[in-house]
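Structural description and commentary
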Amino acid sequence: EDDFQFILCEGCRKELPNLKLLSCLHTFCLDCLSKNKPFGQCPLCQMSILQASGIPNMDNLLFTNLQARLEIYKKIIGGVDLFCDNCKKAGEFWCSDCKEFLCTRCFEAHQRYLKMESHKAMRVIDIRAGSFKDFLKGTGKTSNLSCSNPTHKSQIVSIYCKKCKRALCCICALLDSHHAPFCDIHSETQRRQEELGALSQELKQKRSGFEATYAGLKDEAARLERAQREMREVIHQRVEQLVGLIRQEEEELLGLVEAGQEQGRRELSRELERVEGVLRRMEAGERLVEKMNLYATEQEVMDMQPFIKDSLEKLLQLPVAGDRAQPGDLTECRARLQAL
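Residues numbered from 1 in each chain as written. Predicted model: local features only at pLDDT ≥ 70, side-chain atom pairs only at ≥ 80, totals over all residues. Heavy atoms only, no water.

Notes on the state of the cysteines
Counting across every chain of the model gives zero disulfides. Free of any disulfide, Cys24 has its nearest neighbouring cysteine sulfur in Cys42, separated by 3.6 Å. Its relative accessible area of 1% is what places Cys42 among the buried residues. (Disulfide = S-S within 2.5 Å. Buried < 20%, exposed > 50% of the residue type's maximum accessible area, 1.4 Å probe, protein only.)

See below:
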């Protein structure tokens, strides 16, 4: 169960069918997005959601489909009675292509009539003896893609047109001369997976720069706090030696220190939040690419890869260190203190 916690909503940590993938590559359900304050931002890293409605258009198909397959697996190992979807007898087999339970007799007919379709049917007893990962391997990562042309819904997609950047069936490729050049759909999905993998590697390298910046900002924030404490101690030690006539000067000096340091603290706080948000987005991107590589079907790769690629490329364009003014030093305060 720990290996598949990533398919839960990152807000309520529940298995829900309405998962949305944000541009920052975090995943939340509709309820969490609707309840989030401020509305229209990622609840985790506060990145703005591009859609005016505050709800992303991209469904996380990978996580949703993995949840559906997990439900089937739970049903099989749960000890409940399983019945054949054809004749309602005891279900002994599960076909991942038909998504049906089969009794022994229907399984034999299934194998006879669909032997050319390469349907994979697994024994229920074998599924119960294995893990969820074994079940996912048994059902396979590949799936048949259907043609987007409504008149060709029964045709299996096997060609990818590089010109219009979409998958085609053989009928579309033959009848429409504008589609060219072509490549095999499996080659295109493999290329997209490799493209995501390369972006993920580049993201890891850039992440180290952000981590160094984050550590530097934390050290600078600590130094700023130390400097403030030290200056306050010096001011109090000197002022306590003087008489009541200089109490007003003490208050002015303290106010000067607070004003100068508050500006620096606010700037550092904003930069820390920005870098922390970017790090969370990078972590989400690496995790999503890893899970896509491990569990995504071809349909999921075709639907989700352009969106994920665009988000990763935008993430890679972010500067490691943002522009910010250096916090003011305490020169003026020290000079007035020396004069006093």
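Some thoughts on the packing of aromatic side chains
For any pair of aromatic rings, the description rests on two quantities: the centre-to-centre distance and the angle between the ring planes. In the structure shown here, the tally under the stated rule is five aromatic pairs. When the centroid spacing of 5.2 Å and the interplanar angle of 50° are considered together, the rings of Phe4 and Tyr295 count as tilted. In this pair, Phe4 sits in the segment before strand 1 (19–21) while Tyr295 sits in helix 8 (residues 247–295), placing the two residues 291 residues apart along the sequence. Here Phe4 and Tyr295 have matching classes, each one buried. (Phe/Tyr/Trp six-rings, centres within 6.5 Å; stacked < 30°, edge-to-face > 60°. Helix = DSSP H or I, 4+ residues; strand = E, 2+ residues; numbered from the N terminus.)

Focus: the sheet that holds strand 4 (residues 100–102)
Read across the open sheet, the three strands follow the order 4-3-5; overall the sheet is antiparallel. The two strands at the open ends of the sheet, each matched to only one other strand, are strand 4 and strand 5 (121–123). Averaged over all neighbouring strand pairs, the angle between strand axes comes to 30°, with direction disregarded. As judged from the three bridges shared by strand 3 (residues 93–95) and strand 4, these two strands associate in the antiparallel manner. Residue pairing across strands places Trp94 opposite Phe101, the latter belonging to strand 4. Along the sheet, helix 3 (residues 104–113) makes contact with strand 3, strand 4 and strand 5, crossing strand 4 at roughly 110°. (Pairing = 2+ DSSP bridges. Axes fitted to C-alpha atoms, helices over the stretch in contact; angles between N-to-C directions. Contact = heavy atoms within 4.5 Å.)

Quick word on the UniProt feature "coiled-coil region" (unreviewed entry) in the protein chain
When the UniProt feature table is mapped to this numbering, "coiled-coil region" (unreviewed entry) covers residues 200–237. Annotated as 100% helix and 0% strand, the span residues 200–237 places its first and last C-alpha atoms 55 Å apart. (UniProt positions renumbered as here; feature names shortened; annotations may be inferred.)

Description of the environment of Arg105
As for its position among the elements, Arg105 is in helix 3. Put simply, Arg105 and Cys84 are 21 residues apart on the chain and 9.8 Å apart in space, counted from C-alpha to C-alpha.

Description of the environment of Ala215
Tracing the backbone through its elements, the reader meets Ala215 in helix 7 (residues 185–240). For the pair Ala215 and Leu272, spaced 57 residues apart in sequence, the C-alpha to C-alpha distance is 9.5 Å.

So, the packing of helix 7 against helix 8
Where helix 7 meets helix 8, the axes come as close as 8 Å, and the angle between the chain directions of the two elements is 165°. On the basis of their axis angle, the class for helix 7 and helix 8 is roughly antiparallel. As for the relative orientation of helix 7 and helix 8, their crossing is left-handed in sense. Residues of the contact of helix 7 with helix 8, tallied by class, amount to 21 nonpolar, nine polar and 18 charged. (Parallel < 35°, antiparallel > 145°, perpendicular 65-115°, else oblique. Left-handed = near helix turned anticlockwise from the far one by under 90°. Nonpolar A, V, L, I, M, F, W, Y, C, P; charged D, E, K, R; others polar.)

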